[in-house]
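This is what each chain is made of:
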Amino acid sequence: VQLQASGGGLEQPGGSLRLSCAESGGTSGTYAMGWFRQALGKEREFVAAISWSGKSTYYADSVKGRFTISREDAENTVYLQMNDLKPDDTGVYYCARRSVYRGSDYNDPATFAYWGQGTLVTVSS
């Protein structure tokens, strides 16, 4: 399984970006997917996740109401639409995929088996 994240860049506060995570070598429609981020000097933190069925989504409190995770199984792609960006959203964003585990602890990166290489998001004026 390989995950390729893209869509990062430099954006002003209040702006929007859409990240994509394309999977190859697996079937994204079967497994839960998530986005995590890591700011410079900080630990990796949970951002959002979508269940294996796509029926449930989960968000960190800091991004609720601003970010939306979605999946397009026909394209083996997961998206993260980020609106009203803030400087604190700056960091490297990683997409991740679970294996067979279906627990509800989506905020735990240890429950995700596969990781992409990350895409840098910088929010600055």
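Structure: above.
Now for a look at the structure at hand. (Residues numbered from 1 in each chain as written. Predicted model: local features only at pLDDT ≥ 70, side-chain atom pairs only at ≥ 80, totals over all residues. Heavy atoms only, no water.)

### Structural notes on unusual backbone geometry
For clarity, the cut-off: In DSSP terms, a helix is any run of H or I states spanning at least four residues, a strand is any run of E spanning at least two, and both are numbered starting from the N terminus. Partly exposed describes any residue whose relative accessible area lies between the buried limit of under 20% and the exposed limit of over 50%, with all areas from a 1.4 Å probe on protein chains only and scaled to the type maximum.
Unusually for a residue other than glycine, Asn76 sits at a positive phi of about 55°. For Asn76, the position within the fold is in the loop between β7 (67–72) and β8 (77–82). Looking at Asn76, the relative accessible area reads 23%, which means it is partly exposed. One non-glycine residue, Asp84, adopts positive backbone phi at about 50°. Within the secondary structure, Asp84 is located in the loop between β8 and β9 (91–97).

### Examining the state of the cysteines
The test is simple: In this description, the term disulfide denotes a pair of cysteine sulfurs within 2.5 Å.
Under the defined criterion, the tally for this structure stands at one disulfide. Here Cys21 is linked by a disulfide to Cys95, with a sulfur-sulfur distance of 2.1 Å. Given an S-S torsion of about 65°, the disulfide between Cys21 and Cys95 has right-handed geometry. Linking Cys21 in strand β3 (residues 17–24) with Cys95 in strand β9, this pair joins segments that are 74 residues apart in sequence.

### Examining the packing of aromatic side chains
Formally: Only rings of Phe, Tyr and Trp enter the pairing, Trp through its six-membered ring, and a pair is recorded when the two centres are within 6.5 Å. The plane angle decides the type: under 30 degrees is stacked, over 60 is edge-to-face, the rest tilted.
Inspection of the entire model under this criterion finds five aromatic pairs. Their ring planes at 70° and their centres at 5.7 Å tell us that Phe36 and Phe46 sit as a pair that is edge-to-face. Residue Phe36 is found in strand β4 (residues 33–38), and its partner Phe46 is found in strand β5 (residues 45–50); the two are separated by ten residues along the sequence. Phe46 sits in the buried class, given a relative accessible area of 13%. For the pair Tyr58 and Tyr106, a centre-to-centre distance of 4.3 Å together with 20° between the ring planes defines the contact as stacked. Here Tyr58 is found in strand β6 (residues 57–59), whereas its partner Tyr106 is found in the loop between β9 and β10 (114–115), with 48 residues between them in sequence. Look at Tyr106 and you get buried, because its relative accessible area is 6%.

### Comments concerning the side chain of Arg98
Inclusion rule: Two N or O atoms form a polar contact when they lie within 3.5 Å of each other; inside protein one atom must be a possible hydrogen donor and the other a possible acceptor, and for residues adjacent in sequence the pair counts only when both atoms belong to side chains.
Mapped onto the elements, Arg98 comes out in the loop between β9 and β10. With relative accessibility at 0%, the residue Arg98 sits in the buried group. A polar atom in the side chain of Arg98 sits 2.5 Å from the backbone oxygen of Gly103. At 3.2 Å, the side chain of Arg98 forms a polar contact with the backbone oxygen of Asp105.

### Some remarks on the nonpolar core
How we decide: Working definition of a nonpolar core: buried Ala, Val, Leu, Ile, Met, Phe, Trp, Tyr and Cys residues. They are joined through side-chain atoms within 4.5 Å. Residues count as neighbours in contact if any of their non-hydrogen atoms are within 4.5 Å of one another.
Of all hydrophobic cores here, the largest spans 29 residues; its most connected members are Trp35, Val47, Phe67, Leu80, Met82 and Tyr93. Mapped by element, the contributors of at least two residues to this core are β1 (2–6), β3, β4, β5, β7, β8, β9 and β11 (119–123). If you tally residues by element for this core, the top one is β5, at five residues. For Met82, the contacting residues outside a window of four places in its chain are Gly15, Ser16, Leu17, Leu19, Arg66, Phe67, Tyr93 and Val121.

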